Amino acid sequence: MKKTIKRAISTMLAVCILTNLCVLSSFAIGRKPVDPPWDGDLKRLSEIYQIPVKVLNTLTPEELEEMAVAPGVSYSGHTEYVKFIENTDGEVIAVPGTFEEYQAEQASLSPMDAGHTNTESGWMQVYIVIIDDPGKIARISATFTWLSEKSRFRMTDVIGISFQNGTYVTGSATGYYTYNPEGGNNKRITLSGFERDDNDFRFIKTSVNTRTDVNCSDELMFMRIKIYKDTGTKAEAARATYAYQKINIDLSVLASVGVSVVGAITTKGSGIAFLPAVEKAVGVLGKYYDVAKSDVSTSLSNF
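Residues numbered from 1 in each chain as written. Predicted model: local features only at pLDDT ≥ 70, side-chain atom pairs only at ≥ 80, totals over all residues. Heavy atoms only, no water.

> Quick rundown of the overall build of the protein chain? Include the residues and the values.
The secondary structure content of the protein chain amounts to eight helices and 15 strands. The burial tally for the protein chain puts 42% of its 303 residues in the buried class. A fraction of 74% describes how many contacts in the protein chain between residues 6 or more apart in sequence connect residues 24 or more apart. Of the accessible surface of the protein chain, which amounts to about 16,200 Å², a share of 55% is contributed by carbon and sulfur atoms. (Helix = DSSP H or I, 4+ residues; strand = E, 2+ residues; numbered from the N terminus. Buried < 20%, exposed > 50% of the residue type's maximum accessible area, 1.4 Å probe, protein only. Contact = heavy atoms within 4.5 Å. Areas by Shrake-Rupley, 256 points an atom, 1.4 Å probe, with all protein chains shown as cover.)

Given below as structure tokens:
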């Protein structure tokens with residue numbers, strides 16, 4: 001009798017052990033290794049994209065993961081500095097400069113004026129980066145940062161990314177406009193309405209309606225796109241373009257031509273211009289916009 005009881009208990013224990021092992025085994029098989037590229041290092045993202053940490057803090061974890069760059073992945077970036085100067089005739093012109101020149105100008109201002117500008121000038125940093133992700137797709141991002149308060153012209157600016165060899169991944173363009181209203185915290189507006197230039201399928205652009213109703217600082221515009229890498233050249237060149245509106249355009253005239261402000265701008269040679277029909281109706285682009293840009297080129301190896 002005792003042997004029968006012992007045998008029954010042993011059998012029950014064996015069944016329990018086997019059942020637990022099966023459950024643990026099923027959990028082990030069902031689990032997938034988690035090794036996301038996003039490592040939570042905002043300082044690293046700030047360096048790669050030239051975006052302040054305080055702006056990155058306004059993004060969602062999903063947005064940050066979209067921007068993450070895995071360790072070992074190469075990226076190539078380039079920065080240009082531009083000073084927008086308003087002359088005595090009220091005309092604004094864009095003059096290439098350096099960060100050292102901006103710093104020197106800021107150092108010459110009084111403590112009350114440092115970080116600000118008057119109606120005569122405004123400094124911008126234009127940054128472009130190509131990220132050579134593993135596989136067939138690369139990312140291109142552009143960051144446009146007003147280093148000093150923007151001058152009094154606050155209208156509809158246009159930002160864009162153009163590239164040389166790859167193919168645009170349709171619908172991949174995203175971006176945002178951030179600013180710090182006087183007496184408040186950083187605000188962020190998601191950008192939409194990205195268009196692919198009808199005349200140049202490698203120029204992706206959108207408009208930015210900058211705030212006119214509040215005094216604001218720390219203005220920054222960011223956009224990014226994805227492209228299929230060109231396996232023939234195994235290289236890419238890209239440009240970030242910022243068109244700063246200084247004079248209003250008659251929108252009714254643009255409507256008669258059948259285009260929006262964004263649609264009116266196209267690439268021409270090494271720069272941008274109005275479409276011929278728009279130029280005929282309202283004049284050359286330089287009458288309405290000043291342009292800042294930054295170029296970068298790199299080989300691609302992670303195919």
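The structure having been displayed, the exposition proceeds.
> Tell me about the packing of aromatic side chains, and name the residues and values.
The full count for this structure, using the stated rule, is 15 aromatic pairs. Summarising the aromatic geometry, the rings of phenylalanine 84 and tryptophan 146 are spaced 5.4 Å apart at their centres and angled 45° between planes, so their arrangement reads as tilted. Pair noted here: phenylalanine 84 is in strand S1 (residues 75-86) and tryptophan 146 is in strand S4 (residues 137-146), with a separation of 62 residues, a long-range link. Residue phenylalanine 84 is classed as buried on the basis of its relative accessible area of 3%. (Phe/Tyr/Trp six-rings, centres within 6.5 Å; stacked < 30°, edge-to-face > 60°.)

> For helix H2 (residues 42-49), give the residues involved together with the corresponding values.
Turning to H2, its buried residues are Leu42, Leu45, Ser46, Ile48 and Tyr49. Down the axis of H2, the smallest arc covering the buried residues is 165°, so these residues share one side. Where H2 begins, the side chain of aspartate 41 points an oxygen toward the backbone nitrogen of lysine 43, at a separation of 3.2 Å. Glutamine 50 sits one or two positions beyond H2 and adopts a positive phi of about 55°. (Arc of directions from axis to C-beta. Polar contact = N/O pair within 3.5 Å; in protein donor to acceptor, adjacent residues only side chain to side chain.)

> Describe in detail the environment of leucine 56, supporting the description with residues and values.
Mapping leucine 56 onto the fold places it in helix H3 (residues 53-56). Residue classification places leucine 56 among the buried residues on the basis of a relative accessible area of 1%. Separated by 14 residues in sequence, leucine 56 and leucine 42 place their C-alpha atoms 7.1 Å apart.

> So what's going on with the side chain of threonine 145? Residues and values would help.
Tracing the sequence through the fold places threonine 145 in strand S4. Exposure remark for threonine 145: the relative accessible area of 11% places this residue in the buried category. Setting aside its immediate chain neighbours within four residues, threonine 145 contacts Gln50, Trp123, Met124, Gln125, Glu219 and Leu220.

> Give me the pairing of strand S13 (residues 265-268): which residues, what numbers.
Alignment of S13 against strand S14 (residues 271-274), held across four bridges, turns out to be antiparallel. Residue pairing in the sheet places isoleucine 265 in a bridge with phenylalanine 274 of S14. (Pairing = 2+ DSSP bridges.)

> Go over the pairing of strand S11 (residues 216-228) with me, naming the residues and quoting the values.
With nine bridges joining them, S4 and S11 adopt antiparallel strand pairing. Counted as the bridge partner of serine 141 is arginine 224 from S11. By the bridge criterion, two bridges tie strand S6 (residues 167-168) to S11 in an arrangement that is antiparallel. Its bridge partner being in S11, tyrosine 168 is matched across the sheet by isoleucine 227.

> Pulling in residues and values, what's your account of the nonpolar core?
Of all hydrophobic cores here, the largest spans 34 residues; its most connected members are Phe84, Ile140, Phe144, Met221, Ile225 and Tyr242. If we skip the residues at most four places from it in the chain, phenylalanine 144 touches Met124, Gln125, Val126, Ile159, Gly160, Glu219, Leu220, Met221, Ala240, Thr241 and Tyr242. Counting residues in hydrophobic clusters, the runner-up holds 18 residues, among them Met67, Tyr127, Val129 and Phe222. (Core = buried A, V, L, I, M, F, W, Y, C linked by side-chain atoms within 4.5 Å.)

> So what about the pattern of salt bridges? Which residues, and what values?
Enumeration according to the criterion identifies nine salt bridges in this entry. A salt bridge links lysine 83 to glutamate 105, with the nearest nitrogen and oxygen atoms 2.6 Å apart. Here glutamate 105 lies in helix H5 (residues 99-107) and lysine 83 lies in strand S1, a separation of 22 residues in the sequence. Neither residue differs from the other here; lysine 83 and glutamate 105 are each classed as buried. Notably, a salt bridge pairs arginine 139 with aspartate 133, separated by 2.6 Å at the nearest N-O pair. Judged by relative accessible area, arginine 139 falls into the buried class, the value being 6%. Sharing partners across several salt bridges, the network here consists of Glu66, Arg224 and Lys226. (Salt bridge = Lys/Arg side-chain N within 4 Å of Asp/Glu carboxyl O.)

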